[in-house]
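Observations on the model geometry
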Amino acid sequence: MSDKTIQIELVQQHDYRFDVHFGGDMPVVTTDEPAPLGTGLGPSPVQLLCAAVGNCLSDSLLFALRKFKQAPEPIHCKVQAEVGRNADNRLRVLKITATLTLGVPSAGLEHLDRVLESFEQYCTVTQSVGQGIAIETQVFDSTGARLK
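Before going into details, it helps to say that this report is about the structure given with it. Every chain is numbered on its own, with residues counted from 1 as its sequence reads. Local features in this predicted model are restricted to residues whose pLDDT is 70 or higher, and side-chain atom pairs enter the listing and the counts only when it is 80 or higher, whereas totals over whole chains, interfaces and linings include all residues. Computation of side-chain values covers all heavy atoms of the structure but excludes hydrogens and water.

1. Some details on the nonpolar core
One recurring pattern in soluble globular proteins: nonpolar side chains tend to sit buried together. Among the nonpolar cores identified, the biggest contains 21 residues, and Leu-57, Leu-61, Leu-102, Phe-119 and Val-139 are the most heavily contacted of them. Sorting the residues of this core by element identifies α1 (45-67), β5 (91-101) and α2 (112-118) as the ones contributing at least two each. In terms of residue count, the dominant contributor to this core is α1 (six residues). To form a nonpolar core, buried Ala, Val, Leu, Ile, Met, Phe, Trp, Tyr and Cys residues must be joined to one another through side-chain atoms within 4.5 Å. Working definition: with a 1.4 Å probe on protein chains only, accessible area under 20% of the residue-type maximum means buried, over 50% means exposed, and in between means partly exposed. Labels follow the DSSP assignment, with helices taken as runs of H or I lasting at least four residues and strands as runs of E lasting at least two, numbered in each case from the N terminus.

2. Observations regarding the side chain of Glu-120
Structurally, the position occupied by Glu-120 is in the loop between α2 and α3 (124-129). When checking whether two residues touch, look at their non-hydrogen atoms; a contact exists if any pair is within 4.5 Å. Sequence-distant contacts of Glu-120, that is, excluding residues within four places in its chain, are made with Leu-57, Ser-60, Gln-127, Thr-137 and Lys-148.

3. With respect to a nonpolar patch on the surface
Grouping into patches uses exposed residues only, defined as over 30% relative accessible area, and leaves out salt-bridged ones; the cut-off is 9 Å for like charges and 5 Å for nonpolar side chains (Val, Leu, Ile, Met, Phe, Trp, Tyr). Using the Shrake-Rupley algorithm and a 1.4 Å probe, accessible areas are obtained, with residue cover drawn only from the displayed protein chains. Within this document, salt bridges are pairs made up of a side-chain nitrogen of Lys or Arg and a carboxyl oxygen of Asp or Glu, the two lying within 4 Å of each other. A contiguous nonpolar patch, built from Ile-6, Ile-8, Leu-10, Phe-22 and Met-26 and spanning about 510 Å² of accessible area, is present on the exposed surface. Looking at the element boundaries, Phe-22 is found in the loop between β2 (17-21) and β3 (29-31).

4. Some thoughts on the sheet that holds β2
Strands sit in the order β1-β2-β3 across an open sheet of three strands; the sheet is antiparallel. The open sheet is flanked by β1 (9-14) and β3, the only strands paired with a single partner. Taking the axes of each pair of neighbouring strands and ignoring which way they run, one obtains an average angle of 30 degrees across the sheet. When DSSP finds two or more bridges between two strands, those strands count as paired. By the bridge criterion, five bridges tie β1 to β2 in an arrangement that is antiparallel. Paired with Gln-12 across the bridge in β2 is Phe-18. Axes here mean lines fitted to C-alpha atoms, for a helix over just the part in contact, with angles spanning 0 to 180 degrees between N-to-C directions.

Given below as structure tokens:
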């Protein structure tokens, strides 16, 4: 049984452009497919998927570090989706790579090894999406040193 139900509403505006209503006082987000299907006036579904994965990973990393009273801000995350054809020749997201960069050098952060070992396991979206799409997570510090 689920602990919570999330609901949004999409309202078609024109062709492949939809307004996404999240409820409450949250702003409406307009989505659209890129040309030639749409006009690209908003993020595409693949871009929204990338945003969800990147946002969840960033939140999870920040939460895990703050649990140890560490300040890694500002965190920067770049997400890349590899889109290609599957065995049935249908377009699919084949792989997602998320690159997170801490805003500080790793030398000043305590318990970093422990955090890097576990933070992904607490990311609801990434763990769910990862059941069907390969996800690679990389973490760097502000000096460019690769940590994961």
